[in-house]
Amino acid sequence: MTEAILLVGGKGTRLRPLTVHTPKPMVRAAGVPFLTHQLARARAAGVDHIVLATSYLAEVFEPHFGDGSSLGLHIEYVTEDEPLGTGGAIRNVASRLHSGPDDPVLIFNGDILTGLDIRALVHTHETTGADVSLHLTKVTDPRAYGLVPTDETGRVLAFLEKPQTPEEIVTDQINAGAYVFRRSIIDTIPAGRPVSVERETFPDLLAAGAHLQGLVDSTYWLDLGTPAAFVRGSADLVLGRAPSPAIPGRCGDRLVLPTARVAADAKLTGGTVVGEGAFVAEGARVFGSTILPGAVIEPGAVITDSLIGTRAVVGERSVLTGTVIGDGAIIGADNELRDGMRVWCDARIPAGAVRFSSDQ
């Protein structure tokens, strides 16, 4: 197992304003771009050549990762001029692969945080002789996902798009977004047009009699597509609940990056991250949140389960819960922002302008 394709071309619209200036895989989780965790886990599993399939803000990736040598990898970059979907993106980078026709190629999405045993997925692929092997995970409520029922041997029986009625929920197994393809299968994907592996490639392969194998691995798994999920994923990395060899420090209740400053009486808990050059002032309390580089948390502010963008400012005594503050935004003193609120990049909220309680 030496090669992988990493799909990092999405616009991350559900994560805006985090993704206004930064592609989703490059938003920082536990102190480093999320993509760093995926690359490090792939390397630990024996992968040494990775092709990044980029599109949105493609110019950001290579200046950061270069040729990958600092991570022990050889990284190449292929940019889509127009979005091609998962299958189209895989096909678009095929010419950069060095594998033989029957060799395994690992493919994974750039927005999934998982504890998947990558070696076990490859082993399952090789021992079953599958054409494609899929990581499956079990979820309590599968209605938002595509269902993947399997037989007693793990062979995939069907792909059922998001079920709408109880009768349609025939399994709690879902497609978890990591695959191993036989190299020759990639060449069967149509080139030069958008293709979805979930809606087109996999169903067509099943219809043609191909062997698709599922591996159920219900270790840690989280889709980082929403701000709340992204904040939780970062905290889980810091707390050690989600595995990664790329965390720049020891796991624990907090992670304070070099050059960040935290007042002696400020309280940081719940997997909080304070990025480089950020400042958390006296009396501030931050729980389970991400403070990106250069942000300022002023005295007495209380921040819970939130993400504060680069160079943003949260004013004195302001209380933020489950909110996202865009890069460069300024939240004046004595504001209250609650679950689901998103403040756009460079916005200005005057002191005491937004409240859910009396100002007395």
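Since the model is a prediction, treat every value here as computed from it, not as a measurement.

K.L.:
Hey, could you run me through the overall build of the protein chain in this one?
P.N.:
On a plain count of helices and strands, the protein chain comes out with 7 helices and 28 strands. Expressed as a percentage of contacts within the protein chain between residues at least 6 apart in sequence, the contacts between residues at least 24 apart total 51%. If you sum the accessible surface of the protein chain, you get close to 15,000 Å²; carbon and sulfur atoms cover 51% of it. Once the 31 positive and 42 negative side-chain charges of the protein chain are each reduced to a mean point, those two points are 5 Å apart.

K.L.:
For this particular structure, what's the right way to read the sheet that holds strand 28 (residues 348-349)?
P.N.:
What holds strands together in a sheet is hydrogen bonding between their backbones, with the strands either parallel or antiparallel. Taken in spatial order, the 6 strands of this open sheet run 13-16-19-22-25-28, and their pairing is parallel. Strands at the two margins of the open sheet, each flanked by one partner only, are strand 13 (261-262) and strand 28. Judged from the 2 bridges that link them, strand 22 (residues 313-314) and strand 25 (residues 330-331) form a sheet pairing that is parallel. When the bridges of strand 25 are listed, valine 314 appears paired with isoleucine 331.

K.L.:
What is the right way to look at the packing of aromatic side chains in this model?
P.N.:
For any pair of aromatic rings, geometry is given as the distance between the ring centres together with the angle between the planes. Tallied over the entire structure, the rule returns 6 aromatic pairs. A centroid spacing of 6.4 Å and a plane angle of 65° characterise the contact between phenylalanine 34 and phenylalanine 230, whose relative ring orientation is edge-to-face. Note that phenylalanine 34 is positioned in helix 1 (residues 34-44) and phenylalanine 230 in helix 7 (residues 227-239), a separation of 196 residues in sequence. When its relative accessible area of 1% is taken as the criterion, phenylalanine 34 is described as buried.

K.L.:
Can you help me understand helix 7 in this one?
P.N.:
Two residues of an α-helix separated by three or four positions point the same way, owing to the 3.6 residues in each turn. The end-to-end C-alpha distance of helix 7 is 18 Å, a good match for the 18 Å that 13 residues give at a rise of 1.5 Å each. Of all 13 residues making up helix 7, 10 are buried, and the element is well covered by its neighbours. Positive backbone phi, at 90°, marks glycine 240, one or two positions downstream of helix 7.

K.L.:
What is the right way to read the environment of glycine 214 from this model?
P.N.:
Counting through the fold element by element, glycine 214 comes out in strand 10 (residues 212-216). Glycine 214 sits in the buried class, given a relative accessible area of 11%. In the structure, glycine 214 is positioned 34 residues away from proline 248 in sequence and 33 Å away in space, judged by C-alpha atoms. Residue contacts for glycine 214: discarding those within four places in its chain leaves Leu134, Leu136, Gly154 and Val156.

K.L.:
What's the story with the UniProt feature "domain: Mannose-1-phosphate guanyltransferase C-terminal" (unreviewed entry) in the protein chain in this structure? I'm lost.
P.N.:
UniProt feature "domain: Mannose-1-phosphate guanyltransferase C-terminal" (unreviewed entry): in the numbering of this structure it lies at residues 252-338. Helix makes up 0% of residues 252-338 and strand 41%, whereas the separation of the span's terminal C-alpha atoms amounts to 26 Å.

K.L.:
Got a minute to help me understand the environment of glycine 322 in this structure?
P.N.:
Assignment of secondary structure puts glycine 322 in the loop between strand 23 (319-321) and strand 24 (324-325). Dropping the residues within four chain positions of it, glycine 322 is found in contact with Thr304, Asp305, Ser306, Arg338, Asp339, Gly340 and Met341.

K.L.:
When you look at the pairing of strand 4 (residues 49-54) in this model, what are you seeing that I'm missing?
P.N.:
Where a strand is regular, its side chains alternate between the two sheet faces. Most of strand 4 is tucked away, with 6 of its 6 residues classed as buried. Across the two faces of strand 4 the burial is the same, with His49, Val51 and Ala53 and Ile50, Leu52 and Thr54 all buried. In this sheet, strand 4 lies alongside strand 1 (residues 3-7) in parallel orientation, the contact comprising 5 bridges. Bridged to glutamate 3 within strand 4 is histidine 49. As defined by bridge partners, strand 4 adjoins strand 5 (residues 74-79) across 6 bridges and the pair is classed as parallel. Its bridge partner being in strand 5, valine 51 is matched across the sheet by glutamate 76.

K.L.:
Teacher, can you tell me more about unusual backbone geometry here?
P.N.:
One can expect most non-glycine residues to show negative phi and most peptide bonds to be in trans. Here the residue pair arginine 16 and proline 17 is connected by a cis peptide bond, since its omega of 15° sits within 30 degrees of zero. Mapped onto the secondary structure, proline 17 falls in the loop between strand 1 and strand 2 (28-29). Phi is positive for arginine 317, close to 65°, though the residue is something other than glycine. Locating arginine 317 in the fold gives a position in the loop between strand 22 and strand 23.

K.L.:
Just checking my understanding: could you explain the sheet that holds strand 18 (residues 290-291) for this structure?
P.N.:
With respect to topology, 6 strands assemble into an open sheet ordered 12-15-18-21-24-27, the strand pairing being parallel. Every other strand in the sheet has two partners, leaving strand 12 (254-256) and strand 27 (342-343) as the edge strands with one partner each. Those strands touched by helix 7 are strand 12, strand 15 (272-274), strand 18, strand 21 (307-308), strand 24 and strand 27, and its axis lies near 90° from that of strand 15.

Here is what the cut-offs are and how they apply
- Residues numbered from 1 in each chain as written.
- Predicted model: local features only at pLDDT ≥ 70, side-chain atom pairs only at ≥ 80, totals over all residues.
- Heavy atoms only, no water.
- Helix = DSSP H or I, 4+ residues; strand = E, 2+ residues; numbered from the N terminus.
- Contact = heavy atoms within 4.5 Å.
- Areas by Shrake-Rupley, 256 points an atom, 1.4 Å probe, with all protein chains shown as cover.
- Lys, Arg positive; Asp, Glu negative; His and termini not counted.
- Charge placed at Lys NZ, Arg CZ, Asp CG, Glu CD.
- Pairing = 2+ DSSP bridges.
- Phe/Tyr/Trp six-rings, centres within 6.5 Å; stacked < 30°, edge-to-face > 60°.
- Buried < 20%, exposed > 50% of the residue type's maximum accessible area, 1.4 Å probe, protein only.
- Expected span 1.5 Å × (residues − 1).
- UniProt positions renumbered as here; feature names shortened; annotations may be inferred.
- Axes fitted to C-alpha atoms, helices over the stretch in contact; angles between N-to-C directions.

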